[in-house]
Amino acid sequence: MKKKFLIIILGLLALVLGACSSQETKSTKEGSSGTTNEGAKVQKIIVGTGTQFPNVCFIDEDGKLTGYDVELVRKIDEKLPEYEFEFKTMEFSNLLLSLETNKIDFVAHQMEVNEERQEKFLFNEEPYNIFPLHVTIHKDNNDIQSIKDLKGKKAIVSATSNSAVFLEKYNKDNNAGIEIVYAGNGPDSTINQIKTGRADATITTPFSVDFSNDAVDAQQKVVGEPLLNSKVYFLLRKDETPLQKRIDEALVELKKEGVVSELSKKWLGADYTVNF
């Protein structure tokens, strides 16, 4: 009798232990840290961006990183279960070096194509908005109406930005005589220099001007026709074609769903995702 009782107890114990083991395996498959719900490993992707570009990538009044590029990347992340995106913020001038030295995996900061970037890096193929660059001046300045009026004037731009690349080339090709200076501490430096008359102009977008005027009373206006109407992309390393392909697939879906258009309207003030 005792022997039979012992056998029954041992059998029940085996069933309990078997059930526990099965539950642990199921839990792992259903999504522990570093895996998808199917059990595949999730790859962490470090996304480089800034904190000083109004409406695009900036810190809001609650201390949160947000803006058009930031929120778009978050939507792309939701579409790609095999990746986990994590933002790393820095000065704009450090983004390309950080990408080149593997400190980040791609850049989200309204990156336009130019020859130097194409030689070193990989752009994704699906643009996510256009980037209209205009001459921007103090609202009370009526002497400057176009880039031709910048001869002998001081124009301030961020080093390595497409605004800087454009202005340097324009100056050289046209012997334009524009004095180019480079912002040291983000857009606040640019805003203050134009506001106080230490600089005469900058090259930027209407949505950046609108935000700065509302947020910090920048007292700026855009003049003339667009100098550039470039398409904007994410920037990756040359060996990141699998990530590039998945980002493009997610972007195509988000465009069809109207998400990209709505984000542009919300953050940039208009739909800059059309006319590609």
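Further up the page is the structure itself.
So, how was this worked out
- Counting restarts for each chain: residues are numbered from 1 in the order of the written sequence.
- This being a predicted model, a pLDDT of at least 70 is required before a residue's local features are given, and a value of 80 or more before pairs of side-chain atoms are given or counted; all residues contribute to the totals for chains, interfaces and linings.
- Side-chain metrics in this entry use all non-hydrogen atoms of the structure; hydrogen atoms and water are not considered.
- Strand pairing follows a simple DSSP-based rule, namely that at least 2 bridges must link the two strands.
- Numbering of helices and strands starts at the N terminus; helices are DSSP runs of H or I of at least 4 residues and strands are runs of E of at least 2.
- Every angle, taken between N-to-C directions, lies between 0 and 180 degrees, and every axis is a line fitted to C-alpha atoms, over only the stretch in contact when it is a helix.
- Any angle that is under 35 degrees is reported as roughly parallel, and any over 145 degrees as roughly antiparallel; angles of 65 to 115 degrees are reported as roughly perpendicular and all others as oblique.
- It only takes one pair of heavy atoms within 4.5 Å for two residues to be counted as in contact.
- Amino acids outside the nonpolar list (Ala, Val, Leu, Ile, Met, Phe, Trp, Tyr, Cys, Pro) and the charged list (Asp, Glu, Lys, Arg) are all regarded as polar, and Gly is one of them.
- Aromatic rings from Phe, Tyr and Trp, taking only the six-membered ring of Trp, are treated as a pair when their centres fall within 6.5 Å; an angle between ring planes under 30 degrees marks them as stacked, one over 60 as edge-to-face, and anything in between as tilted.
- Summary of the burial criterion: residues with accessible area below 20% of their type's maximum are buried, those above 50% are exposed, and those between are partly exposed, where the area comes from a 1.4 Å probe applied to protein chains only.
- For any helix crossing, the convention is left-handed if the near helix is rotated counterclockwise from the far helix by under a right angle, and right-handed if that rotation is clockwise.
- The rule for a salt bridge is simple: a side-chain nitrogen of Lys or Arg has to be within 4 Å of a carboxyl oxygen of Asp or Glu.
- To estimate the expected span of a helix, count its residues, drop one, and scale the result by 1.5 Å.
- Take the buried Ala, Val, Leu, Ile, Met, Phe, Trp, Tyr and Cys residues and link them wherever side-chain atoms come within 4.5 Å; each set so joined is a nonpolar core.

Chemist: Sorry, what's going on with the sheet that holds strand β3 (residues 57-59) here?
Modeler: Strands pair in a sheet through their backbones, by hydrogen bonds, and they do so in one of two ways: parallel or antiparallel. On the basis of which strands lie adjacent, the open sheet formed by 3 strands has the order β2-β3-β4 and antiparallel pairing. The open sheet terminates on both sides in strands that have one partner only, identified here as β2 (52-53) and β4 (65-66). In terms of strand pairing, β3 meets β4 through 2 bridges, oriented antiparallel. Among the inter-strand pairings, F58 is bridged to a residue of β4, identified as T66.

Chemist: Looking at this structure, I do not really get the packing of helix α2 (residues 68-79) against helix α8 (residues 241-256). What am I missing?
Modeler: Two elements in contact, α2 and α8, have axes whose closest approach is 9 Å; the angle formed by their N-to-C orientations is 105°. It follows from the interaxial angle that α2 and α8 lie roughly perpendicular. Every residue of α8 that contacts α2 at L72, K75, I76 and K79 is listed here: R246, I247, A250, L251, E253 and L254. Among the residues making up the contact of α2 with α8, the classes are represented as 6 nonpolar, no polar and 4 charged.

Chemist: Would you take a moment to explain the packing of aromatic side chains for this structure?
Modeler: Here the structure, examined in full by the defined rule, presents 12 aromatic pairs. Ring centres of Y68 and Y128 lie 6.1 Å apart, and the angle between their planes is 35°; this geometry places the pair in the tilted category. Here Y128 lies in the loop between β7 (121-123) and β8 (129-138) and Y68 lies in helix α2, a separation of 60 residues in the sequence. Both residues of the pair, Y68 and Y128, belong to the buried class. An angle of 35° between the planes, with centres 6.4 Å apart, marks the rings of Y83 and F85 as tilted.

Chemist: Looking at this structure, how should I read the packing of α2 against helix α9 (residues 259-268)?
Modeler: Angle between the axes and distance between the axes: these two values describe a pair of packed helices. Look at α2 against α9: their axes get within 9 Å of each other, and the N-to-C directions meet at 155°. With respect to α9, the element α2 is oriented roughly antiparallel. Where α2 crosses over α9, the two elements pack in a sense that is right-handed. When α2 is examined against α9, the residues Y68, E71, L72 and K75 are found in contact with a partner set consisting of V259, V260, L263, S264, W267 and L268. Its residues assigned to classes, the contact of α2 with α9 comprises 7 nonpolar, 1 polar and 2 charged.

Chemist: Help me understand the pattern of salt bridges in this model?
Modeler: Side chains that carry opposite charge are capable of pairing whenever their charged atoms lie near each other. In the structure shown here, the tally under the stated rule is 15 salt bridges. The partner of D173 in a salt bridge is K169, and the shortest N-O contact between them spans 2.6 Å. Of the two residues, D173 and K169 both sit in helix α5 (residues 162-174), 4 residues apart, roughly one turn of that helix. No difference in accessibility class separates D173 from K169, as the two residues are exposed. Taken together, the shared-partner salt bridges in this structure form one network comprising D105, R237, D239 and E240.

Chemist: Explain the environment of F234 here, please?
Modeler: By secondary structure assignment, the location of F234 is in strand β12 (residues 220-237). For F234, a relative accessible area of 0% gives the class buried. What F234 contacts, discounting residues up to four positions off in sequence, is L72, V73, I76, F106, V107, A108, L122, F123, N124, Y128, I247 and L251.

Chemist: Where do I start with the pairing of β12 in this structure?
Modeler: Each regular strand shows side chains that alternate between the opposite faces of the sheet. Here strand β6 (residues 106-112) pairs with β12 via 4 bridges, running antiparallel. Looking at the pairing, F106 lines up with L236 of β12. Looking at chain direction, β8 and β12 are connected through 9 bridges and run antiparallel. Residue P132 lies in a different strand from β12, and its bridge partner there is N229.

Chemist: Where do I start with the environment of N213 in this structure?
Modeler: Note that N213 resides in helix α7 (residues 206-216). With 22 residues separating them along the chain, N213 and I191 place their C-alpha atoms 9.5 Å apart. Excluding its chain neighbours within four sequence positions, the residues that come into contact with N213 are A218, Q219 and Q220.

Chemist: Can you help me understand α5 in this one?
Modeler: The α-helix winds at 3.6 residues per turn, so residues separated by three or four positions along the chain end up facing the same way. Taking 1.5 Å as the rise per residue, α5 with 13 residues should run 18 Å; its terminal C-alpha atoms sit 18 Å apart, in good agreement. Where α5 terminates, the next one or two residues include N175, which has phi positive at roughly 45°.

Chemist: Hey, could you run me through the nonpolar core in this one?
Modeler: One recurring pattern in soluble globular proteins: nonpolar side chains tend to sit buried together. By size, the foremost hydrophobic cluster in this structure holds 53 residues, and its most contacted members are L72, I76, F85, F106, V135, I178 and F234. With near-sequence residues (within four places) excluded, F85 lies in contact with I45, V47, V73, I76, D77, L80, F106 and L243. I46, F92, M111 and F121 belong to the second largest nonpolar core, which has 12 residues in total.

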